[in-house]
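Observations on the model geometry
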Amino acid sequence: MTVFERVKKLCQERGITLQTLAEKTNMSINSLYKWKTSKPSIDKLEAVADFFDVSTDYLLGRDDNKKYYDLTDKDERDIQKELENMIKDLSNGGALAFSKDGGEMSEVTREALIISLENSLRIAKIEAKKKFTPNKYRD
């Protein structure tokens, strides 16, 4: 996928035209269309990346993650592994069997708890990436 195709796709996702993008980034529409066959200048590429809040590497096709803190496939596998360990630990300790009445937790409640744990792990991973990624690796 070329830089132009990625930019066009981002425009479609935002519901704007290439002309609108060109106006908002102080470029001519022809400058954007030149990206079909040639590489953009750094300043124009950065302007478009800033407008869409994506990395320049994403626009250039070097990275499929739009932001440096997006979760990678490895991050997703790590989250699933940690979630499995948490569920196993909670199940073994009987912690998933709690309720106000002293009875076992319903299946719906159990699933809601697992989904909540998974979302918490995702948020924690993203926040850690935002906080601990060195500046030289950020967009």
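Residues numbered from 1 in each chain as written. Predicted model: local features only at pLDDT ≥ 70, side-chain atom pairs only at ≥ 80, totals over all residues. Heavy atoms only, no water.

As for the overall build of the protein chain
A count of helical and extended segments in the protein chain gives seven helices and zero strands. If you list the helices and strands of the protein chain from N to C, you get α-α-α-α-α-α-α. Taking as baseline every contact in the protein chain between residues at least 6 positions apart, the subset at least 24 positions apart corresponds to 55%. Element-wise, carbon and sulfur atoms account for 49% of the exposed surface of the protein chain, whose accessible area totals about 9500 Å². (Helix = DSSP H or I, 4+ residues; strand = E, 2+ residues; numbered from the N terminus. Contact = heavy atoms within 4.5 Å. Areas by Shrake-Rupley, 256 points an atom, 1.4 Å probe, with all protein chains shown as cover.)

What to know about the packing of aromatic side chains
Counted according to the given criterion, the structure contains two aromatic pairs. Between the aromatic rings of F4 and Y33, the centroid separation amounts to 5.2 Å while the plane-to-plane angle is 35 degrees, which identifies the pairing as tilted. Here F4 is found in helix 1 (residues 3–14), whereas its partner Y33 is found in helix 3 (residues 29–34), with 29 residues between them in sequence. Residue Y33 is classed as partly exposed on the basis of its relative accessible area of 39%. Both rings, one in F51 and one in F52, keep their centres 5.1 Å apart while their planes meet at 80 degrees; by these two values the pair is edge-to-face. By relative accessible area, F51 is classed as partly exposed at 24%. Under the relative-accessibility criterion, F52 is labelled buried at 4%. Its end group placed over the ring of Y58, R6 keeps NZ or CZ at 4.6 Å from the ring centre. (Phe/Tyr/Trp six-rings, centres within 6.5 Å; stacked < 30°, edge-to-face > 60°. Buried < 20%, exposed > 50% of the residue type's maximum accessible area, 1.4 Å probe, protein only. Lys NZ or Arg CZ within 6 Å of the ring centre and 35° of its normal.)

Considerations on the pattern of salt bridges
Applying the stated criterion across every chain yields a total of six salt bridges. A salt bridge links K129 to D75; the nearest nitrogen and oxygen atoms lie 2.6 Å apart. One end of the pair, K129, is in helix 7 (residues 107–132); the other, D75, is in helix 6 (residues 73–93), and 54 residues separate them in sequence. A relative accessible area of 17% means that K129 is categorised as buried. R122 is the partner of E76 in a salt bridge, and the nearest nitrogen-oxygen pair spans 2.4 Å. With E76 in helix 6 and R122 in helix 7, the pair connects residues that are 46 residues apart, well separated along the chain. A residue is classified by how much of its surface remains accessible, and E76, at 26% relative accessible area, is partly exposed. Each of K74, D78 and K125 takes part in salt bridges that share partners, so that together they form one network. (Salt bridge = Lys/Arg side-chain N within 4 Å of Asp/Glu carboxyl O.)

Considering the environment of L60
As for its position among the elements, L60 is in helix 5 (residues 56–60). Along the sequence, L60 and L45 sit 15 residues apart, while their C-alpha atoms lie 8.8 Å from each other.

Let's talk about unusual backbone geometry
For N26, which is not glycine, the phi torsion reads 55 degrees and is therefore positive. Assignment of secondary structure puts N26 in the loop between helix 2 (18–24) and helix 3. Judged by relative accessible area, which is 73%, N26 ranks as exposed. Non-glycine residue D53 carries a positive phi angle of around 55 degrees. Positionally, D53 belongs in the loop between helix 4 (42–52) and helix 5.

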